[in-house]
Structures are given as structure tokens and as C-alpha cells.
Amino acid sequence: MKKYWTSSFLFLFLTLIGVPSPTFSKEPAVSGQGSSSFLQACLPRLHMKQGICVVLGPLPDQQVSQINRLIEQTQFQIYFQSSDAAQLAELRKLADQRGYLGSRLFADAGTNNAIALASNLADVVLVPGPLKNDQTRAEILRVLRPQGTAYHSEGELTKPIPTGNDDWTHPYHRPDNNPQSEDQNARAPYRTQFLADPKFSPMPEVSVAAGGKVFKAFGHIAHKQNQNAILNTLMCINAFNGTILWKRPLPEGFMIHRNTMIGTPDALYMADDESCKIIDSETGKIRDEIVIDQKFSDGPVWKWMGMQDGVLYALVGNKEVKVDTQKSARRGLGHWPWGMWKGHDYSDPKNAFGFGRTFVAIDIKNKQILWHFKDQDYIDSRGVCMKSGRIFYYCPDKFLACLETKKGKQLWKNNDPKLLASIGSNQRAQHYVTGYATTTYLKCSNDYLFFAGPQRLHLVSASAADGYLMWEKEHGNLQLVLRKDGIYAAGPKETGMKLDYATGDALAALPTRRACTRATGSVDSIFFRTRGGTVRLETATDSAQHIAPMRPPCQDGVIVSNGLLYWGPWMCGCELSLYGHISLGPEQNSSTPAAQTPPRLTRYKDQLETVEPLSASEQDWTAFRGDARQSSSTDVAIPVKTEQAWTTKVVSNALPTAPVVAGDLIFVGDRNGAISAFDLEGKPVWKRYTGGAIYYPPTIAQDRLFVGSADGRVYAYAARTGEPLWSFRVAPTVRWIPVYGKLISTWPVSGGVVVHDNTLYAAAGIAHFDGTHLVALDPASGELKQENNTSGVLSPTVNSGISLQGSLYVADDELRFLAGGVYELARYDLKTLKCLNTPRSEVTSQYRTAFYPYYPEYGKYLSIEHTLADRRELVHDASYEGSVFTNLTLKEALPPGAPKEKKEVARWLSMQARRTGQAIKRKNLWEDQQQRRFTSFIVSPQTLLTAGHPDQQPEKPFLTAIDIGEGTDLWSHPLPALAVKGGTAIDSHGRIFVTLENGQLCCFTPE
């Protein structure tokens, strides 16, 4: 043991983060042939071959190519970090050539005592050498997920599960149906752990978590096209980094929204209308199943399950209403109609969902039935729960009863009229305000039973000792979380409150819960839905915090397990800015210690004042959509006739950015992290790599090229030669996380960069709770002029603020971008970077976004509202989710002094104008009747250049010039693929450049 860990420093670190001592292998060194074959020798020793693998460099000579073998023989995403710049460049180039860069391989500069990943992410760490540095050992242990393994030249070590982690084994945490986690590590404040697929979910959705895995079952109704792919699907997901480990189909016709899913460290128990399948958690294969002999039951259908102390308890019975799988052809992110659930009215208990008459107890080891109990009446599984050796169950309008679990003996049965009258008949529910008819409505503690939920008119408490009524409250549509200090009842309007167990007296008022989603609890918080986002009720202070970008998913709420919190995926798009399977974890110890973080500014050469001139023209297209204002306009005349001059491939396996043009060069970035320069004949001139994806195009100024990268940095190059000049880390520290198939910084520079008035502006961040960071830099030297690190929390009262959800631009002497749900636009003073938004302290959101870097299929359509010199206006609105648009029109000028119509910047509310009309009616001078959608515009004095496709025909993309005066097409070219967002550029000579979603760059010249 002393051989590997000799310093007390490491053990102090382990104690501070609550992790037991690591497990050490006594096996021989990984490579018996020295470090030259280390990676190859590791392959057969790996306990798993998918997820995230870290390789720490520098590698011995001739070893870079072995990383490609590691990629080819595993399914890992590999993060390589090295202080050897030449080796890093070699690996990036090789990975780019083989199509791995930015998808399977991510590489960045750094030392091994400051690993760029967030904590608890890596499944495997490979170190081709001995572990002699205490800081490196501590860093390896930090980035490894629990039960992850590090291999080094002298052995291996495995990270243990931290003390205090809890599993969420049943759909409501435990069979008592109380969604209160016991996890001691999932504490505020939080940092994002991962954002992952699937982004959208069919209805319904049921989740459990155990053994470092999250299991999700997806149901039978898709309300949008994006949900079709996972109808009737079961998924197993790595709980720490979001990797989907396996999928398997679920039987169609069985309604899954019930308690028939239990997760354990080694298996998932998943029951349906035939049996309980025991599914191996590692492989997803059914290794056994439990079938109930019909002599015990009315039928084979599993209605409810609970597990305690090695015994599986179940309610089984009759066959039920079969639900129909419903695919959707509707576009867009979310929003869906209710009342589509066949059988949700529960009209007949003999075939209603979850009604049965027989309880069974089964020994898990030998599948033997230990006892069975059959009632003459039908029991509603929504009204079944279990705790401390007792099963409580309810027969609607007839009785409440209790079984002891040892032998299945009925302890009591209560049909007291006063009790039954208070509980009342089941309501139909299944409404966006009340919630789901299928929701469980009975919870228990050791002493009390509680009836509450969307089907209940009253909140009722009964004694667990005999079932007699204790007290009742007027409102029943409450989502309960039972804690030691009281009952947290989240409800609509003013009905939410904290209650005393014994009396039901109100102890405190709670913020309003919006609509259907259930409440859940962590050790220090209660989570439920608000209008836009999530309420986090901090129980120690009874204060309401706002997590604005995402709300608890419809059926699950926030799942708390493995020291982490989990949201999503979603069925709808209600005032959200993040979609997907999202995990947050505790901020404490979530990244490299500050003392080990590398400096922010890196200079790649000593002399930065002058670079080789580019000879750019003032009329060149030097920034996204033309200029710092994103005006999409030019003084250059669009050619009357054009022909395609050439086409070249920029990237083969990722989206390129829009092009920019300056001098005699065209520049394009891509989502693999490369910047490429081409000459006017389409020939490559130079290519450079950043550490992360490039989502928006470079900006050209002062003969330099500036680009923002998802690695959290801004890079400067000599535009003519591609010589690296400097880089500046906008992100507060080095912390990479998985984001929809890529590894990027928690604070990516994802909105591009803007150069204005000899100052470069950049912003970094994803979500307000992580922090939003802005800098103003000197373009020549990279020196910091100003910064703002506080706008992520504009309102300390509710802990909410600005989220970076749009590209940066300058307007009215302000720096702006879309700001997420609470604030429509983020606004900053250009000189001081002071945030100009008025803080809002309400726990609510009203704006929707789908940020193009993370959701390119939705954020790619552009709107235009361009006022011509004579005050006529070109207008086209495209909704943020891509499902709704208005025809391109030329409108007459507004009357002098008339106010301009206010439209939401993300173009959601503006769609109402088509139905309600405008405040001031304006004549359409012409309207495009071809039902076209657009991804790019360039406005010249006489001509509008557009790229897009006809509605419902994305397979017919075009580049078209439209006469602004007449509204007629002057010319049109079919394109081999759709132009990317803002993907057209024009130079001072009228040459047109287009980047396409298939990775091509095209050039069109005047005939």
C-alpha cells in the first residue's frame, strides 16, 4: 500500500470529500514490456469499454497512434491531456484525418496535476507511468467516478462509492412512495454534471437509479416527431456522465406509469402484463423472469411492486385496457394535448390500469412464493405503499387495509364512513393543471398514511396503526414530500404549505407549484415545478431559489441519487432553455483546486503588436451575419446572374460554422474545434485547432482572426498565416463536462466573439447557476480590460440571473445576447460590462429558447426585420423551435411616429400576430407565396439573398436572390444540402460563399 500512496495529503483529501480509501490492485504492472506498449496492454484489462476514458500524457515516443487503436477497439470517448504541444498537435491532426476529433477524441494542453474534467466523470484513467506526484494522484481520484478505475505502469486503483450516496430504487424512491432522498452528498450549491441525450421523451416516463446507473422507461405516446425514436424503450444510463449503456424495447400495449420497476446494483426488475423480467444491469439482457402461477391470481398482469430485505412483494391480477402506441408527425420541441390516454378514465376496475386483488411475496433468490393474499374487492395500485413490514392498500369507496409482510396476514381493515367520505371518490384528473390520472396518491410514514394527488379533492391523513381518520385539508391536488420536520405539500396557487404531522396545522407557506409535475426532496431541498423552470425550496431557510433553464419532467420530478440530481428528458417545451437528460452535482470539490488552475492568458509568441497584413476591405463580410450588429446587410450589389465556381469540403463529420471573408481568404470553423482558411479558389491555406467545438464563425479585425471555443477560451491568430498569437480563458476555471455527445467546458464561449471599437468581447457559460462570465479584451495583446462574473446571479433573493443562450452582438451601444428564461435579452454596457438588466426576484420564467450550439435542428431558422432606406420593411418570423413561420413580406413604411410592434426576440409570441393582428395595420407590398423557410439572409440595396428550403421539403435546399422591389426571384441555385445558420457571406467583389450542413463550402461568382 505504501508503494502507491505515501502522502498523508491524499488521505486528507479523501476524508474531506467523504470518499473511503481507494482499492488497490496487487496485480503486476500493466505492461511487462515497459511503457512503450502501455495503452495496448491496458485493453484486455479494462473492466468496461464505454463511457469516458482519460489518457494522461505526454506519451512515450510512437505512442500517439495507439490512442487510435483504443478508439477502434472500445466505445470510449477519450480525453487526452498533455503538456507536450507538439504531441497534442499531432494527435489532433491525426484524429481529424480519421474522423474522431470532436466526437470520440478530445485533446487539450495541461499538466497532470490539473485535469480539465469535472469530478466523478471518468470511467477509466490511463497513466503511462508511475504515480509519483501526490497532486496527480488526488486529481485522478477526483475525476474518476465511483467504482471507476485508474491504470498506471505499477498497477491500478479503484475509486470506492462515497459514504452517504443513496439509490432511488423505486419510482417514488422507496415503496413508501415518499419521494425524499436520503443522499447526503447531493447538496447545494450545484454545478452541471452533464447534459445528455435523449433530449425529448414520449409519454409516460418512469425512472429509477441504483448501482451508479439510471434506468428510464419510455411509454407509448409521442406528441412530437422528436419523441418517436424512443417509444416503448428501456434505457440504462451511466449515472455520472450520461452515457447510454444499453437500450431494449418494451412490450407495446402495457401502460408503464405505475410502480413495477425496481433498480438494484446488479439488476433491474421490470414487470409487465406477462412477468417480472430480471434484467442484468451491465448487459441489458434478461437473465431470468418471475411468472405468477394463475392458481394464485386472476391474471398475469403486474400492478405494483415493492422490495425489502431480499423479498419482492407484488399486486397482480386481471388483464387491462391495452394502450395504443401513437407516433407523431408534428414538428417542434414540445407542447402536447391531454386526454389522449386510452383507459385513463378508469371506468371499470376489472380492466383498469393497476387494479388487482392478489398480493404475493416472492423470495428473490429462488423465485418461490412465500405467501399470497387475495381480497374479494379490487385494490387500486395507485393507493398501495409499504414501510416497516406493513403493506397499506386502498379499495376505492370501500375500505383501507393493512397487511404485515412476514406472512401476509391482514392486520386491520377500515371501512369507517367518515374516513371514506373524507378520502372521496377518485377524480378523473388527466389535465395539464391537475396532473395524471395514473399518479400514485397514497404515501406512508411509520405512523401516518396520506392521501393526496391529482385524483383527490382533499388531503387526508389516517393512522398507520388502524386506518382511522386523523385530519383532512380542503385541497387534495398536492404533491407531498415527507420529512422529519414536517409534511411539504406543494400545491397550485396558495394551497402549498408545510404541515404538522399530528394535527395538519400549517407551519409555513410554500411557493406555488405549477401544474402537473410531482415534488421530490433532497437532504437540503424540495424541488417542484414553477412557471418556467424549477423551484428549489431550501428547507433550512424556507427560501425559494430558481433553477430557470429546466423544469422537473412531467412524471418523474427531480431524481436524487448517486450524490447527484437528475432532470428530464421532456415531453414539452414550457419556458425552457435546456432540453435533455440533465444532471447537477455539488459544487464542492467539483473541479481542479484553484491553486493548480493554469493562468488565463497564454501568449504563443513574444511580439504581438504587428502581424502580416490581410488587405481586408471595409465591404468584406468579417463577422457572423456581416458585422458586430448582425445586420445581415451589405452595400455590395448581389450579382444579377451567378454560377457556381467551386465547392470544397471543410469537414466531413460535423457542422461547419457560417463563413467569413476578408482580403482574399475565406474562414470557417467547425464543431470538431478546427478553423480552416481557404483561398478564393477553394484551396486550403491553413488549419488550426482549438480544444473544443466552434459554434459560431470567427471574427476578423486588425488583420487577426478571433474565435471562441467550447473549451472556454478565446483564440487569436494571424489571419493571413494562421500563426497562433494568444488565448484567453474566459471560463473561471478548467472544468469540462459531457454536453450532448461532446466534452466541453462548463463555461464554453458558445456565442461567438464580437470586436467593436478596438475591444474584443466574449461571454462564457451555459446556465445561470454555474455562472455567466464576460470579458472585454485588447485584441492585439489579449490583455483583460474589463470583466463581469456576477450576472449569473442578478437576484440573490432567488439565485437566478443570465444564462448564455444566444450569439453576441452590439446594438444601441450595448453588448447583447439571448438570456434564457427569466430575461429576454442580456444587456451590458460596452465600456464597463455592467449588466443593465433590472433584477427580477420572482420564481418564474416566461421566455423560451433553443440555443443553436446545442440544438442545431431547432435554432437554425432565422427571422428578419430589416428596415430599408425608404422605411419599408422586410419581415419574416421563424419560431425558436422551428415549427411555425410567417411568409417573407415587404411591408409599407410605418406612419411617422408610429410605434413598432414589439416581438419576442426568440420569436415565440410573435406568432400570435397571425391570429390577433397588429396594433397598426400595414399593407403588404408583396408576400412570398412559396411557403419558404430561411436559414440565412443577406440584404443588399436592391436584392435579398436567401438560403433555405420550401416548408416540409428540407430535401430541396436553395440559394435564391429576390428582387426587393417586386418580390420575385431573380435567380435560384439548388444546393446539395441546407445552408447552416447565417451560412452565406459576400466579399467586396460580389463573390458569394455558402457553408452547408453536409460540411461543404461553395462559391458562386457573377456570370
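Residues numbered from 1 in each chain as written. Predicted model: local features only at pLDDT ≥ 70, side-chain atom pairs only at ≥ 80, totals over all residues. Heavy atoms only, no water.

Student: Is there a simple way to explain the overall build of the chain in this structure?
Tutor: Helix and strand counts for the chain stand at seven helices and 69 strands. For the chain, whose C-alpha radius of gyration is 30 Å, the value lies close to the compact-globule estimate of 30 Å for 1007 residues. Taking the principal axes of its C-alpha atoms as reference, the chain extends roughly 90 × 80 × 50 Å. A total of 1007 residues make up the chain; the buried ones form 66% of that total. For the chain, contacts bridging at least 24 residues in sequence account for 60% of all contacts bridging at least 6. Per element, the accessible surface of the chain, about 35,200 Å² overall, is 48% carbon and sulfur. Taken as two groups, the 107 positive and 101 negative side-chain charges of the chain have centres that lie 3 Å from each other. (Helix = DSSP H or I, 4+ residues; strand = E, 2+ residues; numbered from the N terminus. Rg over C-alpha atoms; globule rule 2.2 N^0.38 Å. Buried < 20%, exposed > 50% of the residue type's maximum accessible area, 1.4 Å probe, protein only. Contact = heavy atoms within 4.5 Å. Areas by Shrake-Rupley, 256 points an atom, 1.4 Å probe, with all protein chains shown as cover. Lys, Arg positive; Asp, Glu negative; His and termini not counted. Charge placed at Lys NZ, Arg CZ, Asp CG, Glu CD.)

Student: How should the layout of surface pockets be read in this particular structure?
Tutor: Left-over empty space is what a probe sized like a water molecule reveals as it rolls over the atoms. Computed from the structure, the largest pocket encloses a volume of approximately 1,400 Å³. For the lining of the largest pocket, the elements supplying multiple residues, two or more each, are β56 (809–811), β57 (814–818) and β59 (864–867). The leading source of residues in the lining of the largest pocket is β59, at four residues. In terms of residue class, the lining of the largest pocket is built from 21 nonpolar, 13 polar and 14 charged. (1 Å grid on protein atoms, 1.4 Å probe; cavity = no way out; pocket = protein on both sides within 12 Å on 5 of 7 lines; lining within 4 Å. Points joined across faces, edges and corners; volume = space filled by probe spheres on them. Nonpolar A, V, L, I, M, F, W, Y, C, P; charged D, E, K, R; others polar.)

Student: So what exactly am I meant to see when it comes to the sheet that holds strand β54 (residues 773–777) here?
Tutor: Strands in a sheet are paired, the pairing made by backbone hydrogen bonds, and the direction either parallel or antiparallel. If you trace the four strands from one edge of the open sheet to the other, you get β52-β53-β54-β55, paired in antiparallel fashion. One side of each edge strand has no neighbouring strand; the edge strands of this open sheet are β52 (753–756) and β55 (784–788). Adjacent strand axes in the sheet meet at a mean angle of 20° when their direction is disregarded. The sheet contact formed by β54 and β55 spans four bridges and is antiparallel. Paired with A776 across the strands is Q786, a residue of β55. (Pairing = 2+ DSSP bridges. Axes fitted to C-alpha atoms, helices over the stretch in contact; angles between N-to-C directions.)

Student: How should I be thinking about unusual backbone geometry in this particular structure?
Tutor: Generally, phi is negative for residues other than glycine and the peptide bonds are trans, each holding for most cases. Note the cis peptide between A188 and P189, where omega equals -5°. When you line up the elements, P189 lands in the loop between β7 (155–158) and β8 (190–196). A cis geometry characterises the amide bond from G568 onward to P569, with omega recorded as 0°. Within the secondary structure layout, P569 lies in the loop between β38 (564–567) and β39 (581–586).

Student: Got a minute to help me understand the pairing of strand β44 (residues 674–679) in this structure?
Tutor: Here is the key point about a regular strand: its side chains alternate between the two faces of the sheet. Counting buried residues in β44 gives five out of six residues, a clear majority hidden from the surface. Note: strand β43 (residues 665–669) against β44, five bridges, orientation antiparallel. Considered in β44, the bridge of F667 is made with A677. Joining the antiparallel neighbours β43 and β44 is a turn of four residues, in which G673 adopts a positive phi near 100°. Taking the residues that link successive antiparallel strands as the turn, the β44-strand β45 (residues 684–689) hairpin has four residues, and the phi of G682 there is positive, at about 85°.

Student: Please clarify how the sheet that holds strand β24 (residues 410–414) should be interpreted in this entry.
Tutor: The sheet built from four strands is open, its strands ordered β21-β22-β23-β24 with antiparallel pairing. Only two strands of the sheet have a single partner each, and these edge strands are β21 (384–387) and β24. Taken over all neighbouring pairs, the strand axes of this sheet differ in orientation by 15° on average, direction set aside. Note that strand β23 (residues 399–404) and β24 share four bridges and pair antiparallel.

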